[in-house]
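Architecture at a glance
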Amino acid sequence: MTPETLAAAGLDTGDTAWLLAATALVLLMTPGLALFYGGMVRTKSVLNMLMMSFVSIALVTVVWLVAGYSLAFGDDVFAGLVGGPDHLGMAGIGPGTLTGSVPTLLFTTFQLTFAIITAALISGAVADRTKFAAWLVFVPVWTMFVYVPVAHWVWGPGGWIAHSLGALDFAGGLVVEIASGASGLALALVVGPRIGFKRDAMRPHNLPMVMLGAGLLWFGWLGFNGGSALGANGLAAASLLNTLVAGCTGLLGWLFVEQRRDGHPTTFGAASGAVAGLVAITPACGTVGIPGAAVVGLAAGVVCSYAVAWKFRFGYDDSLDVVGVHFAGGIIGTLLIGLFATKAMTGGKEGLLYGGGPGQLARQAVAVVAVAAYTFLVTYGIAKAIDRLMGLRASAEEELTGLDQTVHAESAYDHGVLGHAAPQTPALSTPLSKDRSRVT
(Lines give C-alpha, C1' and ligand atoms only; values in the text may rest on other atoms or scores of the structure.)
Protein backbone atom coordinates (compact mmCIF):
# COMPACT_ATOMS: atom_id res chain seq x y z
CA MET A 1 0.00 0.00 0.00
CA THR A 2 2.85 2.40 0.74
CA PRO A 3 3.80 4.18 -2.51
CA GLU A 4 7.50 4.15 -1.76
CA THR A 5 7.46 0.35 -1.96
CA LEU A 6 6.88 0.58 -5.70
CA ALA A 7 9.58 1.35 -8.22
CA ALA A 8 8.90 4.64 -9.95
CA ALA A 9 9.92 3.33 -13.35
CA GLY A 10 7.26 5.17 -15.33
CA LEU A 11 3.56 4.85 -15.98
CA ASP A 12 2.21 1.30 -16.25
CA THR A 13 -1.08 1.25 -18.13
CA GLY A 14 -2.13 -2.10 -16.68
CA ASP A 15 -1.58 -0.94 -13.11
CA THR A 16 -3.35 2.31 -13.88
CA ALA A 17 -6.36 0.58 -15.44
CA TRP A 18 -6.76 -1.74 -12.47
CA LEU A 19 -6.48 1.09 -9.94
CA LEU A 20 -9.05 3.14 -11.89
CA ALA A 21 -11.48 0.24 -11.59
CA ALA A 22 -10.60 -0.40 -7.95
CA THR A 23 -11.17 3.26 -7.09
CA ALA A 24 -14.66 3.13 -8.57
CA LEU A 25 -15.36 -0.07 -6.63
CA VAL A 26 -14.32 1.48 -3.33
CA LEU A 27 -16.40 4.59 -3.93
CA LEU A 28 -19.41 2.32 -4.52
CA MET A 29 -18.92 0.92 -1.03
CA THR A 30 -20.23 4.11 0.58
CA PRO A 31 -23.64 3.96 -1.18
CA GLY A 32 -23.58 0.24 -0.35
CA LEU A 33 -22.96 1.10 3.28
CA ALA A 34 -25.81 3.61 3.14
CA LEU A 35 -28.19 0.85 2.02
CA PHE A 36 -26.77 -1.60 4.58
CA TYR A 37 -27.23 0.88 7.41
CA GLY A 38 -30.49 2.25 5.99
CA GLY A 39 -32.10 -1.18 6.06
CA MET A 40 -31.02 -1.71 9.66
CA VAL A 41 -32.65 1.38 11.16
CA ARG A 42 -36.34 1.99 11.76
CA THR A 43 -38.50 3.48 9.02
CA LYS A 44 -38.60 6.93 10.58
CA SER A 45 -34.85 7.51 10.15
CA VAL A 46 -34.01 5.71 6.89
CA LEU A 47 -33.32 8.80 4.80
CA ASN A 48 -31.30 10.44 7.55
CA MET A 49 -29.11 7.34 7.68
CA LEU A 50 -28.62 7.42 3.92
CA MET A 51 -27.80 11.12 4.07
CA MET A 52 -25.11 10.67 6.72
CA SER A 53 -23.22 8.39 4.34
CA PHE A 54 -23.78 10.39 1.17
CA VAL A 55 -22.86 13.75 2.69
CA SER A 56 -19.63 12.17 3.96
CA ILE A 57 -18.56 11.74 0.33
CA ALA A 58 -18.76 15.48 -0.24
CA LEU A 59 -17.29 16.60 3.07
CA VAL A 60 -14.30 14.27 3.09
CA THR A 61 -13.50 14.99 -0.56
CA VAL A 62 -13.14 18.71 0.16
CA VAL A 63 -10.99 18.14 3.24
CA TRP A 64 -8.81 15.57 1.48
CA LEU A 65 -8.02 17.74 -1.52
CA VAL A 66 -7.40 20.87 0.53
CA ALA A 67 -5.08 19.37 3.14
CA GLY A 68 -5.76 15.75 4.01
CA TYR A 69 -3.77 14.08 1.25
CA SER A 70 -0.69 16.22 1.77
CA LEU A 71 -0.61 15.67 5.55
CA ALA A 72 -1.24 11.93 5.21
CA PHE A 73 1.00 11.07 2.25
CA GLY A 74 3.43 13.96 2.07
CA ASP A 75 7.04 13.46 3.14
CA ASP A 76 7.30 12.98 6.88
CA VAL A 77 8.11 16.14 8.81
CA PHE A 78 8.05 15.03 12.44
CA ALA A 79 8.96 11.63 13.93
CA GLY A 80 6.71 9.62 11.65
CA LEU A 81 3.61 11.42 12.92
CA VAL A 82 2.51 13.72 10.09
CA GLY A 83 3.28 14.55 6.49
CA GLY A 84 4.35 17.91 5.13
CA PRO A 85 2.35 20.77 3.56
CA ASP A 86 3.97 20.61 0.13
CA HIS A 87 0.80 19.41 -1.59
CA LEU A 88 -1.86 21.49 0.14
CA GLY A 89 -4.62 22.10 -2.35
CA MET A 90 -2.96 19.43 -4.53
CA ALA A 91 -0.13 21.83 -5.32
CA GLY A 92 2.64 20.37 -7.44
CA ILE A 93 0.59 17.40 -8.62
CA GLY A 94 -0.48 17.17 -12.26
CA PRO A 95 -1.48 14.53 -14.81
CA GLY A 96 2.15 13.56 -15.37
CA THR A 97 3.05 13.16 -11.69
CA LEU A 98 3.54 9.53 -10.71
CA THR A 99 3.29 7.57 -7.49
CA GLY A 100 5.06 4.36 -8.29
CA SER A 101 3.66 3.23 -11.64
CA VAL A 102 0.32 5.06 -11.47
CA PRO A 103 -0.65 8.74 -11.70
CA THR A 104 -0.52 10.48 -8.33
CA LEU A 105 -3.94 11.96 -9.02
CA LEU A 106 -5.31 8.41 -9.23
CA PHE A 107 -3.48 7.32 -6.08
CA THR A 108 -4.90 10.38 -4.32
CA THR A 109 -8.42 9.52 -5.40
CA PHE A 110 -8.04 5.87 -4.38
CA GLN A 111 -6.92 6.93 -0.91
CA LEU A 112 -9.75 9.46 -0.75
CA THR A 113 -12.34 6.71 -1.13
CA PHE A 114 -10.87 4.99 1.93
CA ALA A 115 -11.16 8.17 3.98
CA ILE A 116 -14.77 8.61 2.86
CA ILE A 117 -16.04 5.22 3.92
CA THR A 118 -14.15 5.33 7.21
CA ALA A 119 -15.98 8.49 8.22
CA ALA A 120 -19.30 7.11 7.00
CA LEU A 121 -18.84 3.92 9.03
CA ILE A 122 -18.91 5.89 12.28
CA SER A 123 -22.47 7.08 11.61
CA GLY A 124 -23.78 3.60 12.40
CA ALA A 125 -22.79 3.99 16.04
CA VAL A 126 -25.06 7.01 16.55
CA ALA A 127 -27.96 6.27 14.21
CA ASP A 128 -31.45 7.57 15.00
CA ARG A 129 -30.44 10.35 17.38
CA THR A 130 -27.70 12.63 16.03
CA LYS A 131 -28.13 16.20 14.82
CA PHE A 132 -27.43 16.35 11.11
CA ALA A 133 -25.84 19.80 11.47
CA ALA A 134 -23.47 18.42 14.09
CA TRP A 135 -22.55 15.55 11.77
CA LEU A 136 -21.64 18.12 9.09
CA VAL A 137 -19.14 19.61 11.52
CA PHE A 138 -17.88 16.33 12.97
CA VAL A 139 -16.91 14.65 9.70
CA PRO A 140 -14.36 17.18 8.39
CA VAL A 141 -12.86 17.80 11.84
CA TRP A 142 -12.57 14.06 12.52
CA THR A 143 -11.02 13.44 9.10
CA MET A 144 -8.29 16.01 9.70
CA PHE A 145 -7.40 15.17 13.28
CA VAL A 146 -8.01 11.41 13.42
CA TYR A 147 -7.99 9.76 10.01
CA VAL A 148 -5.18 11.78 8.43
CA PRO A 149 -2.59 11.21 11.18
CA VAL A 150 -3.35 7.49 11.45
CA ALA A 151 -3.13 7.08 7.67
CA HIS A 152 0.31 8.68 7.77
CA TRP A 153 1.47 6.46 10.64
CA VAL A 154 0.54 3.32 8.75
CA TRP A 155 0.89 4.14 5.04
CA GLY A 156 2.65 7.48 4.71
CA PRO A 157 6.34 7.93 3.88
CA GLY A 158 8.22 7.47 7.15
CA GLY A 159 5.08 6.71 9.18
CA TRP A 160 6.10 5.35 12.58
CA ILE A 161 3.84 2.29 12.70
CA ALA A 162 5.07 0.91 9.40
CA HIS A 163 8.68 2.05 9.49
CA SER A 164 9.74 2.33 13.14
CA LEU A 165 7.46 -0.29 14.68
CA GLY A 166 7.24 -2.60 11.67
CA ALA A 167 3.56 -3.52 12.03
CA LEU A 168 1.67 -4.63 8.93
CA ASP A 169 -1.67 -3.33 7.65
CA PHE A 170 -2.22 -4.03 3.99
CA ALA A 171 -5.58 -2.40 3.35
CA GLY A 172 -6.88 -0.74 6.50
CA GLY A 173 -7.41 -2.86 9.60
CA LEU A 174 -5.83 -0.10 11.67
CA VAL A 175 -6.61 2.90 9.50
CA VAL A 176 -10.22 2.06 8.61
CA GLU A 177 -11.66 -0.64 10.85
CA ILE A 178 -10.12 -0.04 14.28
CA ALA A 179 -10.16 3.74 13.77
CA SER A 180 -13.87 3.76 12.86
CA GLY A 181 -14.78 1.30 15.62
CA ALA A 182 -12.96 3.12 18.43
CA SER A 183 -14.26 6.45 17.15
CA GLY A 184 -17.79 5.09 16.96
CA LEU A 185 -17.56 4.00 20.58
CA ALA A 186 -16.35 7.43 21.68
CA LEU A 187 -19.09 9.21 19.75
CA ALA A 188 -21.78 6.87 21.08
CA LEU A 189 -20.68 7.54 24.66
CA VAL A 190 -20.92 11.29 24.17
CA VAL A 191 -24.27 11.20 22.35
CA GLY A 192 -25.81 8.70 24.76
CA PRO A 193 -28.25 5.83 24.18
CA ARG A 194 -31.41 5.98 22.12
CA ILE A 195 -34.73 6.43 23.88
CA GLY A 196 -35.89 2.91 24.64
CA PHE A 197 -32.45 1.30 24.42
CA LYS A 198 -32.52 -2.11 26.15
CA ARG A 199 -36.30 -1.79 26.49
CA ASP A 200 -37.74 -1.63 22.99
CA ALA A 201 -37.21 -4.12 20.17
CA MET A 202 -35.64 -1.88 17.53
CA ARG A 203 -35.72 -4.25 14.58
CA PRO A 204 -34.34 -3.47 11.11
CA HIS A 205 -37.11 -2.29 8.85
CA ASN A 206 -35.93 -3.83 5.57
CA LEU A 207 -33.76 -6.96 5.47
CA PRO A 208 -33.64 -7.17 1.64
CA MET A 209 -32.13 -3.67 1.73
CA VAL A 210 -29.57 -4.89 4.26
CA MET A 211 -28.65 -7.84 2.04
CA LEU A 212 -28.35 -5.60 -1.02
CA GLY A 213 -26.09 -3.24 0.88
CA ALA A 214 -23.94 -6.13 2.10
CA GLY A 215 -23.65 -7.42 -1.46
CA LEU A 216 -22.49 -4.04 -2.74
CA LEU A 217 -20.00 -3.80 0.11
CA TRP A 218 -18.61 -7.24 -0.72
CA PHE A 219 -18.33 -6.31 -4.39
CA GLY A 220 -16.57 -3.04 -3.58
CA TRP A 221 -14.29 -4.76 -1.07
CA LEU A 222 -12.61 -6.63 -3.92
CA GLY A 223 -11.33 -3.27 -5.13
CA PHE A 224 -10.69 -2.08 -1.58
CA ASN A 225 -8.28 -4.94 -0.87
CA GLY A 226 -7.19 -5.97 -4.36
CA GLY A 227 -6.53 -2.37 -5.33
CA SER A 228 -4.27 -1.90 -2.32
CA ALA A 229 -1.55 -3.77 -4.21
CA LEU A 230 -1.43 -0.63 -6.38
CA GLY A 231 -0.88 -2.75 -9.45
CA ALA A 232 -2.31 -5.42 -11.72
CA ASN A 233 -0.16 -8.21 -10.35
CA GLY A 234 -0.09 -11.44 -8.38
CA LEU A 235 -0.38 -9.68 -5.04
CA ALA A 236 -3.61 -8.03 -6.18
CA ALA A 237 -4.96 -11.41 -7.30
CA ALA A 238 -4.02 -13.07 -4.02
CA SER A 239 -5.55 -10.23 -2.00
CA LEU A 240 -8.76 -10.40 -4.01
CA LEU A 241 -9.08 -14.17 -3.52
CA ASN A 242 -8.31 -13.88 0.20
CA THR A 243 -11.07 -11.30 0.44
CA LEU A 244 -13.58 -13.65 -1.13
CA VAL A 245 -12.49 -16.55 1.07
CA ALA A 246 -12.71 -14.61 4.34
CA GLY A 247 -16.13 -13.20 3.47
CA CYS A 248 -17.39 -16.73 2.90
CA THR A 249 -15.96 -18.19 6.10
CA GLY A 250 -17.15 -15.19 8.09
CA LEU A 251 -20.67 -15.76 6.81
CA LEU A 252 -20.53 -19.47 7.66
CA GLY A 253 -19.05 -18.81 11.11
CA TRP A 254 -21.83 -16.38 12.05
CA LEU A 255 -24.53 -18.74 10.80
CA PHE A 256 -23.00 -21.62 12.76
CA VAL A 257 -23.23 -19.56 15.95
CA GLU A 258 -26.82 -18.58 15.20
CA GLN A 259 -27.84 -22.16 14.53
CA ARG A 260 -26.14 -23.46 17.66
CA ARG A 261 -27.23 -20.64 19.94
CA ASP A 262 -30.64 -19.65 18.59
CA GLY A 263 -31.76 -22.66 16.56
CA HIS A 264 -32.04 -20.83 13.25
CA PRO A 265 -29.72 -19.11 10.75
CA THR A 266 -30.91 -15.70 9.55
CA THR A 267 -30.45 -13.46 6.55
CA PHE A 268 -29.29 -10.68 8.85
CA GLY A 269 -26.72 -13.05 10.31
CA ALA A 270 -25.49 -13.99 6.85
CA ALA A 271 -25.02 -10.33 5.88
CA SER A 272 -23.36 -9.51 9.18
CA GLY A 273 -21.05 -12.52 9.07
CA ALA A 274 -19.87 -11.73 5.55
CA VAL A 275 -19.10 -8.13 6.57
CA ALA A 276 -17.27 -9.33 9.70
CA GLY A 277 -15.07 -11.62 7.62
CA LEU A 278 -14.36 -8.86 5.14
CA VAL A 279 -13.46 -6.45 7.94
CA ALA A 280 -11.00 -8.90 9.47
CA ILE A 281 -9.25 -9.82 6.23
CA THR A 282 -8.74 -6.16 5.28
CA PRO A 283 -5.39 -5.76 7.09
CA ALA A 284 -4.32 -9.34 6.34
CA CYS A 285 -5.33 -9.90 2.72
CA GLY A 286 -1.87 -9.03 1.41
CA THR A 287 0.06 -10.84 4.12
CA VAL A 288 -1.55 -14.28 4.63
CA GLY A 289 -2.16 -17.27 2.38
CA ILE A 290 -5.51 -18.85 1.61
CA PRO A 291 -5.56 -21.06 4.77
CA GLY A 292 -4.82 -18.00 6.88
CA ALA A 293 -7.58 -16.02 5.15
CA ALA A 294 -10.06 -18.80 5.87
CA VAL A 295 -9.16 -18.80 9.56
CA VAL A 296 -9.24 -15.00 9.80
CA GLY A 297 -12.73 -14.86 8.31
CA LEU A 298 -14.05 -17.73 10.41
CA ALA A 299 -12.67 -16.26 13.62
CA ALA A 300 -14.28 -12.91 12.86
CA GLY A 301 -17.65 -14.46 12.03
CA VAL A 302 -17.72 -16.36 15.31
CA VAL A 303 -16.25 -13.70 17.62
CA CYS A 304 -18.17 -10.75 16.15
CA SER A 305 -21.47 -12.64 16.45
CA TYR A 306 -20.92 -12.52 20.20
CA ALA A 307 -19.21 -9.12 20.32
CA VAL A 308 -22.33 -7.32 19.10
CA ALA A 309 -23.90 -8.01 22.51
CA TRP A 310 -21.13 -6.11 24.33
CA LYS A 311 -23.22 -2.94 24.21
CA PHE A 312 -25.91 -4.50 26.39
CA ARG A 313 -23.39 -5.76 28.91
CA PHE A 314 -21.46 -2.49 29.17
CA GLY A 315 -24.33 -0.07 28.56
CA TYR A 316 -23.20 1.90 25.48
CA ASP A 317 -25.64 2.20 22.56
CA ASP A 318 -23.71 1.36 19.39
CA SER A 319 -26.81 1.36 17.20
CA LEU A 320 -25.56 -0.59 14.18
CA ASP A 321 -22.66 -2.44 15.81
CA VAL A 322 -19.68 -0.51 14.54
CA VAL A 323 -17.84 -1.62 17.67
CA GLY A 324 -18.98 -5.23 17.59
CA VAL A 325 -18.13 -5.76 13.92
CA HIS A 326 -15.56 -3.20 12.77
CA PHE A 327 -13.60 -2.68 15.98
CA ALA A 328 -13.63 -6.34 17.01
CA GLY A 329 -13.12 -7.59 13.46
CA GLY A 330 -10.30 -5.12 12.82
CA ILE A 331 -8.50 -6.25 15.95
CA ILE A 332 -8.87 -9.92 15.00
CA GLY A 333 -7.50 -9.43 11.50
CA THR A 334 -4.64 -7.18 12.59
CA LEU A 335 -3.50 -9.53 15.35
CA LEU A 336 -3.79 -12.69 13.29
CA ILE A 337 -1.24 -11.29 10.86
CA GLY A 338 1.21 -12.02 13.66
CA LEU A 339 0.27 -15.70 13.43
CA PHE A 340 -0.39 -16.31 9.73
CA ALA A 341 1.81 -13.88 7.76
CA THR A 342 3.81 -15.72 5.09
CA LYS A 343 7.02 -14.73 3.36
CA ALA A 344 5.44 -15.47 -0.02
CA MET A 345 2.98 -12.62 0.58
CA THR A 346 5.02 -10.14 2.61
CA GLY A 347 8.33 -10.62 0.87
CA GLY A 348 10.11 -11.23 4.18
CA LYS A 349 8.14 -11.03 7.42
CA GLU A 350 6.51 -14.19 8.79
CA GLY A 351 4.00 -14.93 11.52
CA LEU A 352 4.47 -17.12 14.55
CA LEU A 353 2.93 -20.20 12.93
CA TYR A 354 5.21 -19.88 9.92
CA GLY A 355 8.47 -19.72 11.85
CA GLY A 356 8.66 -15.99 12.41
CA GLY A 357 8.57 -16.03 16.21
CA PRO A 358 6.41 -13.85 18.47
CA GLY A 359 7.92 -10.54 17.40
CA GLN A 360 5.45 -9.72 14.64
CA LEU A 361 2.49 -10.56 16.86
CA ALA A 362 3.83 -8.17 19.49
CA ARG A 363 4.28 -5.42 16.91
CA GLN A 364 0.71 -5.91 15.69
CA ALA A 365 -0.58 -5.69 19.25
CA VAL A 366 1.28 -2.45 19.92
CA ALA A 367 -0.17 -0.94 16.74
CA VAL A 368 -3.70 -1.98 17.74
CA VAL A 369 -3.39 -0.39 21.18
CA ALA A 370 -1.83 2.81 19.82
CA VAL A 371 -4.42 3.38 17.10
CA ALA A 372 -7.37 2.42 19.29
CA ALA A 373 -6.26 4.71 22.12
CA TYR A 374 -5.47 7.67 19.88
CA THR A 375 -8.65 7.49 17.82
CA PHE A 376 -10.88 6.97 20.87
CA LEU A 377 -9.40 9.83 22.90
CA VAL A 378 -9.24 12.38 20.09
CA THR A 379 -12.72 11.52 18.83
CA TYR A 380 -14.08 11.79 22.36
CA GLY A 381 -12.52 15.25 22.64
CA ILE A 382 -13.90 16.36 19.27
CA ALA A 383 -17.37 15.08 20.15
CA LYS A 384 -17.34 16.81 23.53
CA ALA A 385 -16.30 20.10 21.95
CA ILE A 386 -19.03 19.94 19.29
CA ASP A 387 -21.58 18.93 21.90
CA ARG A 388 -20.66 21.92 24.03
CA LEU A 389 -20.74 24.34 21.09
CA MET A 390 -23.90 23.23 19.27
CA GLY A 391 -25.17 20.00 20.74
CA LEU A 392 -24.69 16.58 19.17
CA ARG A 393 -27.98 14.99 19.99
CA ALA A 394 -31.35 15.64 18.43
CA SER A 395 -34.17 16.56 20.78
CA ALA A 396 -36.37 13.87 22.32
CA GLU A 397 -39.28 15.03 20.16
CA GLU A 398 -37.19 14.80 16.98
CA GLU A 399 -35.93 11.36 17.91
CA LEU A 400 -39.38 10.00 18.71
CA THR A 401 -40.99 11.51 15.62
CA GLY A 402 -38.12 10.46 13.39
CA LEU A 403 -35.25 12.41 11.88
CA ASP A 404 -36.53 11.99 8.32
CA GLN A 405 -39.51 14.24 9.00
CA THR A 406 -38.07 16.58 11.61
CA VAL A 407 -34.69 17.20 9.94
CA HIS A 408 -35.22 16.56 6.24
CA ALA A 409 -38.99 17.18 5.99
CA GLU A 410 -39.51 14.02 3.97
CA SER A 411 -40.11 10.34 4.35
CA ALA A 412 -39.07 7.21 2.50
CA TYR A 413 -42.77 6.72 1.79
CA ASP A 414 -43.35 10.16 0.25
CA HIS A 415 -42.46 9.01 -3.27
CA GLY A 416 -43.49 5.39 -3.02
CA VAL A 417 -39.95 4.20 -2.32
CA LEU A 418 -41.05 1.74 0.32
CA GLY A 419 -44.74 1.56 -0.49
CA HIS A 420 -47.82 3.76 -0.19
CA ALA A 421 -48.02 3.86 3.57
CA ALA A 422 -45.74 3.15 6.45
CA PRO A 423 -46.37 -0.30 7.90
CA GLN A 424 -47.35 -0.71 11.49
CA THR A 425 -44.70 -2.15 13.78
CA PRO A 426 -45.67 -5.80 14.33
CA ALA A 427 -46.05 -7.14 17.82
CA LEU A 428 -43.29 -9.45 18.92
CA SER A 429 -44.51 -13.03 19.03
CA THR A 430 -41.20 -14.46 20.22
CA PRO A 431 -38.45 -13.03 22.40
CA LEU A 432 -35.38 -11.60 20.76
CA SER A 433 -32.41 -13.94 20.51
CA LYS A 434 -29.06 -12.82 21.84
CA ASP A 435 -28.01 -11.90 18.30
CA ARG A 436 -31.24 -10.29 17.19
CA SER A 437 -31.19 -7.96 20.17
CA ARG A 438 -28.40 -6.10 18.38
CA VAL A 439 -30.68 -4.68 15.72
CA THR A 440 -31.95 -1.16 15.74
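Cut-offs applied
- Counting from 1, residues in each chain are numbered in the order their sequence is written.
- Side-chain atom pairs in this predicted model are given and counted only at pLDDT of 80 or more, local residue features only at pLDDT of at least 70, and totals for whole chains, interfaces and linings cover all residues.
- Excluded from the side-chain calculations are hydrogens and water; all other atoms, namely the structure's heavy atoms, are used.
- By the criteria applied, helices consist of DSSP H or I runs no shorter than four residues and strands consist of E runs no shorter than two, each listed in order from the N terminus.
- Throughout, the radius of gyration refers to the C-alpha atoms, and the reference size of a globule is 2.2 Å times the residue count to the power 0.38.
- Whether a residue is buried, partly exposed or exposed follows from its accessible area with a 1.4 Å probe, protein chains only, as a fraction of its type maximum: under 20%, in between, or over 50%, in that order.
- The contact criterion used throughout is that any non-hydrogen atoms of two residues lie within 4.5 Å.
- Note on areas: Shrake-Rupley, 1.4 Å probe, and residue coverage restricted to the protein chains presented here.
- For the purpose of counting charges, residues Lys and Arg are taken to be positive, whereas Asp and Glu are taken to be negative. His and the chain ends are not included.
- Throughout, a charge is located at the NZ atom of Lys, the CZ atom of Arg, the CG atom of Asp or the CD atom of Glu.
- The span one expects for a helix is its residue count, reduced by one, times 1.5 Å.
- Polar contact is the term for a pair of N or O atoms within 3.5 Å; when the atoms are in protein, one must be able to donate a hydrogen and the other to accept it, and sequence-neighboring residues count only if both atoms are side-chain atoms.
- We call a set of buried residues a nonpolar core when its members are Ala, Val, Leu, Ile, Met, Phe, Trp, Tyr or Cys and they connect through side-chain atoms within 4.5 Å of each other.
- Salt bridges are counted wherever a side-chain nitrogen of Lys or Arg sits within 4 Å of a carboxyl oxygen of Asp or Glu.
- Comment: axis = line fitted to C-alpha atoms, over the contacting stretch for helices; angle = value between 0 and 180 degrees taken between N-to-C directions.
- Angle categories are assigned with fixed cut-offs, so that under 35 degrees is roughly parallel, over 145 is roughly antiparallel, 65 to 115 is roughly perpendicular, and the rest are oblique.
- By the definition used in this description, the sense in which the near helix is turned from the far one sets the handedness, with an anticlockwise turn below a right angle giving left-handed and a clockwise turn giving right-handed.
- For this scheme, ten residues count as nonpolar: Ala, Val, Leu, Ile, Met, Phe, Trp, Tyr, Cys and Pro. Four count as charged, namely Asp, Glu, Lys and Arg, and the remainder, Gly too, count as polar.
- Any two of the Phe, Tyr and Trp rings considered here, Trp counted by its six-membered ring, make a pair once their centres fall within 6.5 Å; the pair's planes then place it as stacked at under 30 degrees, edge-to-face at over 60, or tilted in between.
- Think of pLDDT as the predictor's per-residue confidence, scored from 0 to 100.

Of regular secondary structure, the protein chain possesses 16 helices and two strands. The globule rule puts the C-alpha radius of gyration for 440 residues at 22 Å, and the 21 Å found for the protein chain is close to it. Principal axes of the C-alpha set define a box for the protein chain whose edges measure 65 × 45 × 35 Å. When each of the 440 residues of the protein chain is scored for burial, the buried share is 58%. Across the protein chain, the fraction of contacts at a sequence separation of at least 24, relative to all contacts at a separation of at least 6, is 79%. When the accessible surface of the protein chain is split by element, carbon and sulfur atoms take 68% of a total near 16000 Å². Averaged over its 21 positive side-chain charges, the protein chain has a centre that lies 12 Å from the centre of its 24 negative ones.

Looking now at helix α8 (residues 234–262). Given 3.6 residues per turn, any residue in an α-helix points the same way as the ones three and four places further on. Taking 1.5 Å per residue as the helical rise, α8 with its 29 residues ought to reach 42 Å, and the 42 Å between its terminal C-alpha atoms agrees with that figure. Sitting at the amino-terminal end of α8 is N233, which places a side-chain oxygen 3.2 Å from the backbone nitrogen of L235. Just past α8, the residue G263 takes up positive phi, approximately 90°.

Once that is clear, we can look at the nonpolar core. Core analysis: the biggest nonpolar cluster contains 123 residues, and F36, Y37, W64, F138, Y147, I161 and L187 have the highest contact counts within it. Ranked by the residues each element gives to this core, the list is headed by helix α2 (residues 46–73), at 15 residues. If we ignore the near neighbours within four places in the chain, the residues touching Y147 are W64, Q111, F114, A115, T118, W142, W155 and V175.

Take the pattern of salt bridges next. Evaluated as defined, the whole model comprises eight salt bridges. Across the pair R42 and D128 runs a salt bridge, and its minimum N-O distance is 3.2 Å. A residue pair is termed long-range when its members are at least 10 positions apart, and R42 in the loop between α1 (13–40) and α2 and D128 in the loop between α3 (104–122) and α4 (132–155) qualify at 86 residues. Judged by relative accessible area, D128 falls into the buried class, the value being 2%.

What follows is about the packing of helix α7 (residues 207–226) against helix α9 (residues 267–284). Packing of α7 against α9 brings their axes to within 9 Å, and their N-to-C directions diverge by 20°. Accordingly, the angle class assigned to the pair α7 and α9 is roughly parallel. For the crossing formed where α7 meets α9, the hand is left-handed. Across the interface between the two elements, L207, V210, M211, A214, L217, W218, W221, F224 and N225 of α7 pack against T267, F268, A271, A274, V275, L278, V279, I281 and T282 of α9.

As a further point, take the packing of α3 against helix α6 (residues 173–191). Put simply, α3 and α6 touch, their axes get as near as 8 Å, and they point 30° apart. Relative to α6, the element α3 is oriented roughly parallel. In the packing of α3 onto α6, the handedness of the crossing is right-handed. Residue-level contacts link F114, T118, L121 and I122 of α3 to V175, V176, E177, S180, S183, G184 and L187 of α6. Taken together, the residues of the contact of α3 with α6 break down into six nonpolar, four polar and one charged.

The next point concerns the packing of aromatic side chains. Taken as a whole, this structure holds 17 aromatic pairs when the rule is applied. Between W64 and Y147 the ring centres are 6.1 Å apart and the planes differ by 65°, which places this aromatic pair in the edge-to-face class. Here W64 is found in helix α2, whereas its partner Y147 is found in helix α4, with 83 residues between them in sequence. For the pair shown, W64 and Y147 are each scored as buried. Arranged with centres 6.3 Å apart and planes meeting at 45°, the rings of W142 and Y147 form a pair that is tilted.

Between the first and last C-alpha of helix α14 (residues 359–390) there are 46 Å, a value that for 32 residues agrees with the 46 Å anticipated at 1.5 Å per step. Within α14, the full set of buried residues consists of Q360, Q364, A367, V368, V371, A372, T375, T379, I382, A383 and I386. Those residues of α14 hidden inside the fold are in contact with α4, α5 (160–165), α6 and α12 (322–340).

Moving on: the environment of V137. As for its position among the elements, V137 is in helix α4. The class of V137 is partly exposed, set by a relative accessible area of 32%. Those residues in contact with V137 that lie beyond four places of it in its chain are I386 and M390.

Here we take up unusual backbone geometry. A positive phi angle is found at A79, which is not glycine, with a value near 55°. Position of A79 relative to the elements: it lies in the loop between α2 and β1 (98–99). Of the residues examined, A79 reaches a relative accessible area of 57% and is grouped as exposed. Positive phi is not limited to glycine here, since K198 has a value of about 75°. As for its position among the elements, K198 is in the loop between α6 and α7. For K198, a relative accessible area of 54% puts it in the exposed group.

Of note, T282 is situated in helix α9. For T282, the side chain forms a polar contact with the main-chain oxygen of L278, separated by 2.8 Å.

Model confidence for the protein chain is summarised by a mean pLDDT of 92, while 92% of its residues fall at 70 or above. This model gives residues 1–8 a pLDDT under 50, and the stretch forms 25 contacts once residues within four places in sequence are excluded. This stretch, residues 419–437, has a pLDDT under 50; its non-local contacts, to residues over four places away or in other chains, come to 25 contacts.

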